[in-house]
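# Observations on the model geometry
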Amino acid sequence: MSIPATEVAVLDAAPAPTPSKRARLRFLRGGKTLTGISILGFFTLLAVIGPWIAPYDPDMMSDKLLQPPSGDHWFGTTQTGQDVLSQILVGTRGVLLVGFVAGFFATVLSVLVGVTSGFLGGVLDEILSALSNIFLVIPALPLIIIIASFVSDAGDLLIAAVIAFTSWAWGARVLRAQTLSLRRRDYVEAARATGEPTWRIIGFEIMPNLTAVIASGFVGTVIFAVLLEITLAFIGVADISNWNWGTVLFWAQSNQALAQGAWWWFVPAGLCIALLGTALALINFGIDEFVNPRLRTETGSSRKIRMRVGFTPVARTDRTNGAAPAAPAGSAPPERTPGPASGRAPAPSTGPAFDEPTPERTPDRTPDKEPRS
């Protein structure tokens, strides 16, 4: 039994290939993700080995005052002869420490409060929602200023703890809203009907669908913590004896580096801040494209599909033996329209239905004879 020519389906008879190791790691093949991870890894390496590879002591003064970049001082010197490159290398550790510690603890708190509140509901939901609303209006910057005024040595860990304690509420509200939309889905109800415990439903049914939201909240908190740490050091609230990028900007602004034309004093620190923020944002974009099928390109698919205008490839298979069905006797072969990239004209068909129309001839006209009187 042959399939009619009008009933054509696009089928793939080959079995679905098993996911390879390369397919499992397709998240790392995206250009945005690789760029972000590379930049972040570079700064992480500097945070670990920065104090060891610094060419000079960042506090050491010399007689080379406001020297531009040279072979001895790659990033130039300050007004007191201090090496700017050493200050940047030593200060990287404090910036990343505050950012990642605050981002980690704020994300953990937001996940615990938001997912628990959205999934369990009831009185617990009302209590946790009220707690989130209270912490949502607590400003982090004035609170840190007040704490720094009472604590003589407000170190990086204390600043990171205050930032994490005051910046988890927004992420908790977002996760609660997402959990409310997921807890009545069919697969969650099926898991609940089979007797799965609550912790397993949350961990294996709810949490995988919140990966993009959690990653976005973590990246946003890290960026917020880094900028807040630099801001506190720039305005002189934090301990300026501990070097970070904000401390470099503080001394550059205090000594009128811009007015003196010493661009090398503040430009490297500003570029480091911009590159770190760009790296975290690119990682966030890569995670979102990997998790969200609507944004998935070649990063999330193992095969790239090329679409051509004017021609749709169709695979015809016979249901009996898998062979292509024969065309009915006496029927003309279908015309195949080439794609726009081929650059070749279609081959003329032999059938009368596919012959190109010939231009009509205009009959020769002779002047009419004069009418008889």
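Notes on the structure follow. (Residues numbered from 1 in each chain as written. Predicted model: local features only at pLDDT ≥ 70, side-chain atom pairs only at ≥ 80, totals over all residues. Heavy atoms only, no water.)

### A few points about the pattern of salt bridges
This is how it is decided: What makes a salt bridge here is a side-chain nitrogen of Lys or Arg within 4 Å of a carboxyl oxygen of Asp or Glu, nothing more. Here a strand is any run of E in DSSP of at least two residues, a helix any run of H or I of at least four, and the numbering for each starts at the N terminus.
Tallying each qualifying case throughout the model produces five salt bridges. Asp125 is the salt-bridge partner of Arg176, the closest N and O atoms lying 2.8 Å from each other. Here Arg176, found in helix 7 (residues 169–182), pairs with Asp125, found in helix 4 (residues 122–136); they are 51 residues apart in sequence, far enough to count as distant. Residue Arg184 is joined to Glu189 by a salt bridge in which the shortest nitrogen-to-oxygen separation is 3.2 Å. Within this structure, Arg184, Glu189 and Arg192 form a network of salt bridges that share partners.

### Considering helix 6 (residues 156–166)
Rules: The cut-offs for exposure are 20% and 50% of the maximum accessible area for each residue type, with area from a 1.4 Å probe on protein chains only; residues under the lower value are buried, those over the upper are exposed, and the others partly exposed. Residue contacts are counted whenever heavy atoms from the two residues lie within 4.5 Å of one another.
Buried within helix 6 are the following residues: Ile159, Ala160, Val162, Ile163, Ala164 and Thr166. On the buried face of helix 6, the contacting elements are helix 3 (84–120), helix 4, helix 5 (140–150) and helix 10 (211–234).

### Thoughts on the environment of Trp74
Spelled out, the test is: As used in this structure description, the phrase polar contact means that two N or O atoms lie within 3.5 Å; if the pair is within protein, one of them must be able to donate a hydrogen and the other to accept it, and residues adjacent in sequence are counted only when both atoms belong to side chains.
Examined against the element boundaries, Trp74 turns out to sit in the loop between helix 2 (31–53) and helix 3. Put simply, Trp74 and Val84 are ten residues apart on the chain and 8.2 Å apart in space, counted from C-alpha to C-alpha. Ignoring any residue separated from it by four or fewer positions in sequence, one finds Trp74 in contact with Pro69 and Leu85. Within the structure, the side chain of Trp74 is placed 3.2 Å from the backbone oxygen of Gly71, a separation counted as a polar contact.

### Here we look at the packing of aromatic side chains
Keep this limit in mind: Any Phe, Tyr or Trp ring, taking Trp's six-membered ring, that has another such ring centre within 6.5 Å forms a pair; planes under 30 degrees apart are called stacked, those over 60 apart edge-to-face, and the others tilted. For a Lys NZ or an Arg CZ to count as sitting over a ring, it must be within 6 Å of the ring centre and within 35 degrees of the ring normal.
Scanning the model with the defined rule gives eight aromatic pairs in all. Considering the side-chain rings of Phe43 and Trp245, the 5.7 Å spacing of their centres and the 65° angle between planes classify their relative orientation as edge-to-face. Residue Phe43 is located in helix 2, and its partner Trp245 is located in helix 11 (residues 245–254); the two are separated by 202 residues in the primary sequence. With respect to burial, Phe43 and Trp245 carry one shared label: buried. Here Phe135 and Trp168 contribute two aromatic rings whose centre-to-centre distance is 5.2 Å and whose plane-to-plane angle is 45°, an arrangement assigned as tilted. Of this pair, Phe135 sits in helix 4 while Trp168 sits in the loop between helix 6 and helix 7, and the two are 33 residues apart along the sequence. Exposure class is identical for Phe135 and Trp168. Each is buried. These aromatic residues form a ring-pair network of at least three members: Phe42, Phe43 and Trp245. The ring centre of Phe204 lies 4.6 Å from the NZ or CZ of Arg200, which sits over that ring.

### Section: helix 4
This is how the line gets drawn: Between the first and last residue of a helix there are one fewer steps than residues, each counted as 1.5 Å, and that sum is the expected span. When we speak of the arc, we mean the arc of directions from the helix axis to the C-beta atoms.
Between its terminal C-alpha atoms helix 4 stretches 21 Å, which fits the 21 Å expected from 15 residues at 1.5 Å a residue. Residues Asp125, Leu128, Ser129, Ser132 and Phe135 constitute the buried set of helix 4. Buried residues in helix 4, looked at end-on, bunch into an arc of 125°, giving them a common side. Along helix 4, the residues that are exposed and aim more than 90 degrees away from the buried face are Val123, Glu126, Ile127 and Ile134. The inward-facing, buried residues of helix 4 abut helix 3, helix 6 and helix 7.

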